[in-house]
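# Descriptive structure summary
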Amino acid sequence: MTDVEQAATDSRAATGDVSAALAGVWSELEDSLSELIALVEPLDEAAINWRPPAPDSNSIAVLVRHTIGSASMWCSIALDEPFERDRDAEFRVHESPAAIVSALREFVSSLGRQFERLDAVDPASEHHDPRRGSDGEVHTAGWCIAHVLSHTGEHWGQIQLTRDLYRARA
């Protein structure tokens, strides 16, 4: 095998590894978001909007809206696509369970489309965080996707705990 043929084979193998890793991240996100929808569906409005009695705690509605906003934004940054986000508004929401479930379902669909497009993005490619201007932070596409997974997982755990605390309140 020539050096050129070997390089092409190595490149295809690396691309396959990246695609497999991206598929693994998507699978984990999709499973977590399906579980999140199942957790939220039976809750009433009081449970969705209840905030634990601790400083800087958030309701399930807030955590869901923030997770949606953050994940959508980081995928958009990795894709070099424009996005609109009002992070402060995410922390002021008061919503119905139906609105949260609907938002989650639309988010899963939208995020799935973003992940399809991410398959064509080099995970080592660098992307500027446009919220910080041209001198702002630079992250690789791989970092952006890893952050989506870890941040979503962090808030998924908070949502489960908030639900449990709501059920156990005096």
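Right above here is the structure, for reference.
Source: prediction; values computed, not measured.

## Points about the nonpolar core
- Membership of the largest hydrophobic core comes to 42 residues, with the highest contact counts inside it found for Val-40, Phe-115 and Leu-118.
- Looking at this core, the elements that each hand over two or more residues are α1 (3-40), α2 (45-49), α3 (60-79), α5 (97-118) and α6 (141-168).
- Ranked by residue count, the leading element in this core is α3, at 12 residues.
- Excluding anything up to four places from it in sequence, Leu-118 contacts Leu-22, Cys-75, Ala-78, Leu-79 and Ile-145.

## Quick notes on the pattern of salt bridges
- A full pass over the atoms with the stated rule returns 6 salt bridges.
- A salt bridge links Glu-81 to Arg-117, with the shortest nitrogen-to-oxygen separation between them at 2.7 Å. Of this pair, Glu-81 sits in the loop between α3 and α4 (87-90) while Arg-117 is found in helix α5, placing the two residues 36 residues apart along the sequence.
- With relative accessibility at 26%, the residue Glu-81 sits in the partly exposed group.
- You can call Arg-117 partly exposed: its relative accessible area is 37%.
- Among the salt bridges present, the one from Glu-90 reaches Arg-85, with a minimum N-O distance of 2.7 Å.
- You can call Arg-85 partly exposed: its relative accessible area is 24%.

Basis of the calculations
Residues numbered from 1 in each chain as written. Predicted model: local features only at pLDDT ≥ 70, side-chain atom pairs only at ≥ 80, totals over all residues. Heavy atoms only, no water. Core = buried A, V, L, I, M, F, W, Y, C linked by side-chain atoms within 4.5 Å. Buried < 20%, exposed > 50% of the residue type's maximum accessible area, 1.4 Å probe, protein only. Helix = DSSP H or I, 4+ residues; strand = E, 2+ residues; numbered from the N terminus. Contact = heavy atoms within 4.5 Å. Salt bridge = Lys/Arg side-chain N within 4 Å of Asp/Glu carboxyl O.

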